Amino acid sequence: MRFRKFLNPYRTRGSSFREYTYFIGGARMDTFELFNNGKLVLPEKEAGFAEIGWSKHPTFKGVELKHIITAKDTEGKFSYHLVRIAPDCSIGNHTHETQLETHEVIKGSGKCVNAGSTIPYEPGTISIMQAGVPHEVDAGSEGLYLFAKFMPALC
């Protein structure tokens, strides 16, 4: 499969991060879509992300997760999730008592309140929430797409 990469001239206002648009087999895909349709490759298996369904968050409206790597894949050591938050929706204030959580923002914009500090979320931002620390994430008007990783595994 061949792909070409082009700088996306329609990046978020005020953003210094350059978002790229990829053309794969003639189809246009941004970074989020590349991962949404990507694959996990392990020595013993390969799994396409397109076959993994989106799960609605049990508490927060407008939040969906795609469980890419789960506790059963890592003997409980970590889990890896693709998260999409609808425009102007939020993952409200909450705490993971036993898990360290990281976020890697891949598309959209918003903010994270982490241990009382507000962090602007835009593509290229990475944030770490220590276990036991309250945090919340608010998507902007474009929505927000990120990877969330938990150590030990969330599910």
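Below or above, wherever it landed, is the structure these notes cover. Numbers given for residues are sequential positions, taken from 1 along each chain in its written order. Selection of residues for local features in this predicted model requires a pLDDT of at least 70, selection of side-chain atom pairs for listing and counting requires 80 or more, and totals for whole chains, interfaces and linings are taken over all residues. Only hydrogens and water are removed before side-chain values are computed, so all heavy atoms of the structure are retained for them.

**Here we look at the packing of aromatic side chains**
Here is step 1 of the chain: Only the six-membered ring of Trp is used, alongside the rings of Phe and Tyr, when aromatic pairs are assigned; centres must lie within 6.5 Å, and planes under 30 degrees apart are stacked while those over 60 apart are edge-to-face, with the rest tilted. The tally for this structure, following the rule as stated, stands at four aromatic pairs.
Here is step 2 of the chain: Measuring from ring centre to ring centre gives 4.4 Å for phenylalanine 32 and tyrosine 145, while their planes differ by 45°; the resulting arrangement is tilted. Pair noted here: phenylalanine 32 is in helix 1 (residues 31-36) and tyrosine 145 is in strand 13 (residues 135-151), with a separation of 113 residues, a long-range link. The pair phenylalanine 32 / tyrosine 145 is uniform in exposure class, with both members buried.
Here is step 3 of the chain: Measuring from centroid to centroid gives 4.8 Å for phenylalanine 35 and phenylalanine 147, while their planes differ by 85°, and the two rings are edge-to-face. A residue pair is termed long-range when its members are at least 10 positions apart, and phenylalanine 35 in helix 1 and phenylalanine 147 in strand 13 qualify at 112 residues.
Here is step 4 of the chain: Taken together through their ring pairs, the aromatic side chains of Phe32, Trp54 and Tyr145 make up a single cluster.
Here is step 5 of the chain: Think of it as a cone above the ring: NZ of Lys or CZ of Arg counts as a charge over the ring if it is within 6 Å of the ring centre and within 35 degrees of the ring normal. Note that arginine 84 overlies the ring of tryptophan 54, its terminal NZ or CZ placed 4.0 Å from the centroid. Here a helix means four or more residues in a row that DSSP labels H or I, a strand means two or more in a row labelled E, and each is numbered from the N terminus. A simple rule labels every residue: compare its accessible area, found with a 1.4 Å probe on the protein chains alone, to the largest value its type can have, and call it buried under 20%, exposed over 50%, or partly exposed in between.

**Quick word on the pairing of strand 7 (residues 63-69)**
Along any regular strand, the residues point their side chains to alternate faces of the sheet.
Here is step 1 of the chain: Across the seven residues that make up strand 7, a large majority, five, are buried.
Here is step 2 of the chain: Strand pairing follows a simple DSSP-based rule, namely that at least 2 bridges must link the two strands. Examined bridge by bridge, strand 6 (residues 55-56) and strand 7 share two bridges and lie antiparallel to one another. The partner of lysine 56 across the bridge, within strand 7, is glutamate 64.
Here is step 3 of the chain: Where strand 6 folds back onto strand 7 in an antiparallel hairpin, the turn is made up of six residues, including glycine 62, whose phi is positive at roughly 80°.

**A closer look at the nonpolar core**
Here is step 1 of the chain: Counting 17 residues, the largest nonpolar core has Val83, Ile85, Ile91, Tyr121, Val137 and Leu144 as its most contacted members.
Here is step 2 of the chain: Counting residues per element, the ones that place at least two in this core are strand 7, strand 8 (79-85), strand 10 (100-114) and strand 13.
Here is step 3 of the chain: Broken down by element, this core gets its largest block of residues, six residues, from strand 13.
Here is step 4 of the chain: Dropping the residues within four chain positions of it, tyrosine 121 is found in contact with His103, Val105, Gly108, Ser109, Gly110, Lys111, Cys112, Ser127, Met129, Val137, Leu144 and Leu146.
Here is step 5 of the chain: Residues belong to a common nonpolar core when they are buried Ala, Val, Leu, Ile, Met, Phe, Trp, Tyr or Cys residues joined through side-chain atoms within 4.5 Å. Core analysis: the next-biggest nonpolar cluster, separate from the first, contains ten residues, Leu40, Phe49, Ile68 and Ile106 among them. Contacts between residues were defined by any pair of non-hydrogen atoms, one from each residue, lying within 4.5 Å.

**So, the side chain of asparagine 114**
Here is step 1 of the chain: Within the secondary structure, asparagine 114 is located in strand 10.
Here is step 2 of the chain: Throughout this description, a polar contact denotes any pair of N or O atoms lying within 3.5 Å of each other; where both atoms belong to protein, one of them has to be capable of donating a hydrogen while the other can accept it, and for residues adjacent in sequence the pair is counted only when both atoms sit in side chains. Within the structure, the side chain of asparagine 114 is placed 3.5 Å from the side chain of serine 127, a separation counted as a polar contact.
Here is step 3 of the chain: Leaving out residues up to four positions away in the same chain, asparagine 114 has contacts with Ile119, Ser127, Ile128, Met129, Val133, Pro134 and His135.

**Some words on the environment of glutamine 99**
Here is step 1 of the chain: Residue placement: glutamine 99 occurs in the loop between strand 9 (90-94) and strand 10.
Here is step 2 of the chain: For glutamine 99, a relative accessible area of 11% translates into the label buried.
Here is step 3 of the chain: For the pair formed by glutamine 99 and lysine 149, sequence separation is 50 residues and the distance between their alpha carbons is 9.4 Å.
Here is step 4 of the chain: Within the structure, the side chain of glutamine 99 is placed 3.2 Å from the backbone oxygen of alanine 153, a separation counted as a polar contact.

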